[in-house]
Amino acid sequence: MNDKGINNLSIQTRVDELNDFALLHQNFGNLAFRAIQKNNFYSGFAIGMERLTKLIKKNKFNITGFRSNPIEGVREFLHGYFVDRGGNMPDIWVEGNTVFLETKICVNCLTIEAEKLAAQCHEDVCAIYCRTFAKGIVSVLEDFFPEIVINFYNVSSRRDGKESDCREAFQILSPLRTENP
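Here the structure is a predicted model, which means the values were calculated and not measured.

**A short note on the overall build of the chain**
Helix and strand counts for the chain come out as six helices and four strands. Considering the chain as a whole, with its 181 residues, one finds that 45% of them fall into the buried category. Partitioning the contacts of the chain with sequence separation of at least 6, the portion at a separation of at least 24 is 67%. Accessible surface, the chain: about 9600 Å² in total, of which carbon and sulfur atoms supply 51%.

What follows is the structure in structure tokens.
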């Protein structure tokens, strides 16, 4: 895997990236956030592509199995990414047709630590940094499985308060799924 976005667990790399975001914000104002969001989405998408091709080469991705249970497939894809990356491992679970990803406050958040050393460009940097990266990873699956739609949304954030957990939801909609969520 490459060293882009949240894939890189180096505090100095994260500080450098946040300083770059601050530089863009200083020069372009709030327009910079749209560009940063796209950059992080596509960085995550590239990681998702790398992950998918790696799994296929190792004969560890079952296309038929994914189609038969895309909810579990998305959960496994996300879980496998974080296992491969190492570092902080969020809780990942399924409720109905939604896969949840949650990082507890007790787990070190590298972005919060990096912001202490970096020029802060915006208090919602995590929303456009980590979340769009995760959305990009999973969006690869929508392209290869057009029968599914993945609605991505933030449930809670440390930006709600320093004691908040970060929780994202990936709601999977598929006409092939027969049971009710």
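**Observations regarding the packing of helix H1 (residues 11-28) against helix H2 (residues 31-57)**
Interaxial distance between H1 and H2 falls to 8 Å at its minimum, and their mutual angle equals 145°. The segment H1 lies against H2, with Phe21, Leu24, His25 and Phe28 engaging Leu31, Ala32, Phe33, Ile36 and Asn40. Its residues assigned to classes, the contact of H1 with H2 comprises seven nonpolar, two polar and no charged.

**Comments concerning the nonpolar core**
Judged by nonpolar contacts, the single largest core of 28 residues is most densely connected at Phe61, Val74, Leu78, Val99, Phe170 and Ile172. When contributions to this core are tallied by element, the ones reaching two or more residues are H2, helix H4 (70-85), strand S2 (98-103), helix H6 (125-144) and strand S4 (166-173). The leading source of residues in this core is H6, at seven residues. Once residues within four sequence positions are removed from consideration, valine 99 is found in contact with Ile71, Val74, Arg75, Leu78, Ile92, Trp93, Val94, Glu168, Ala169, Phe170 and Ile172. Formed by eight residues, the second largest nonpolar core is a distinct cluster that contains Val15, Phe21, Ala32 and Phe33.

**Description of the packing of H2 against H4**
The angle between the axes and the distance between the axes are what describe a pair of packed helices. At a closest axis distance of 11 Å, the pairing of H2 and H4 adopts a crossing angle of 95°. Regarding the angle of H2 to H4, the classification is roughly perpendicular. Listed contacts from H4 to Ile47, Gly48, Arg51, Leu52, Lys54 and Leu55 of H2 are Glu76, Phe77, Gly80, Tyr81 and Asp84. Each residue belonging to the contact of H2 with H4 can be placed in one class, and the counts come to five nonpolar, two polar and four charged.

**Description of the sheet that holds S2**
Spatial ordering of the open sheet is given by S1-S2-S4-S3, a layout of four strands whose pairing is antiparallel. Of all strands in the sheet, those with a lone pairing partner are strand S1 (91-95) and strand S3 (149-156), marking the two edges. Geometrically, the sheet is characterised by an average inter-axis angle of 20° between neighbouring strands, direction not taken into account. Lying on the sheet, H4 is in contact with S1, S2, S3 and S4; it crosses S1 at an angle near 175°.

**Re the pairing of S4**
Direction of pairing for S2 relative to S4: antiparallel, over a ladder of six bridges. For phenylalanine 100, the partnering residue across the bridge sits in S4 and is alanine 169. Of the strand pairs in this sheet, S3 and S4 are connected by seven bridges, and their pairing is antiparallel. The partner of asparagine 154 across the bridge, within S4, is glutamate 168.

**Notes on the environment of isoleucine 36**
Checked against the element boundaries, isoleucine 36 lands in helix H2. For the pair formed by isoleucine 36 and threonine 132, sequence separation is 96 residues and the distance between their alpha carbons is 9.3 Å.

**Thoughts on unusual backbone geometry**
In this structure, asparagine 59 is a non-glycine residue whose phi angle is positive, near 60°. Structurally, the position occupied by asparagine 59 is in the loop between H2 and helix H3 (63-68).

Rules used throughout
- Along each chain, numbering runs from 1 in the same order as the chain's sequence is written.
- With the structure being a predicted model, the display of local features is reserved for residues of pLDDT at least 70 and the display and counting of side-chain atom pairs for 80 or more, all residues being used for whole-chain, interface and lining totals.
- To obtain the side-chain values, all non-hydrogen atoms of the structure were included, while hydrogens and water were left out.
- What counts as a helix is a DSSP run of H or I of at least four residues, what counts as a strand is a run of E of at least two, and both are numbered from the N terminus.
- The buried label applies to any residue whose accessible area, calculated with a 1.4 Å probe on protein chains only, is under 20% of its type's maximum; exposed applies above 50%, and partly exposed to all values in between.
- The contact criterion used is simple: two residues touch if any of their non-hydrogen atoms lie within 4.5 Å.
- Using the Shrake-Rupley algorithm and a 1.4 Å probe, accessible areas are obtained, with residue cover drawn only from the displayed protein chains.
- Only the stretch in contact is used when a helix axis is fitted, and all axes are lines through C-alpha atoms; the angle between N-to-C directions ranges over 0 to 180 degrees.
- When residues are grouped by polarity, Ala, Val, Leu, Ile, Met, Phe, Trp, Tyr, Cys and Pro land in nonpolar, Asp, Glu, Lys and Arg in charged, and all others, Gly among them, in polar.
- Note on terminology: a nonpolar core comprises buried Ala, Val, Leu, Ile, Met, Phe, Trp, Tyr and Cys residues joined through side-chain atoms within 4.5 Å.
- For this classification, under 35 degrees means roughly parallel, over 145 means roughly antiparallel, 65 to 115 means roughly perpendicular, and everything else is oblique.
- Any two strands are treated as partners once DSSP identifies two or more bridges connecting them.

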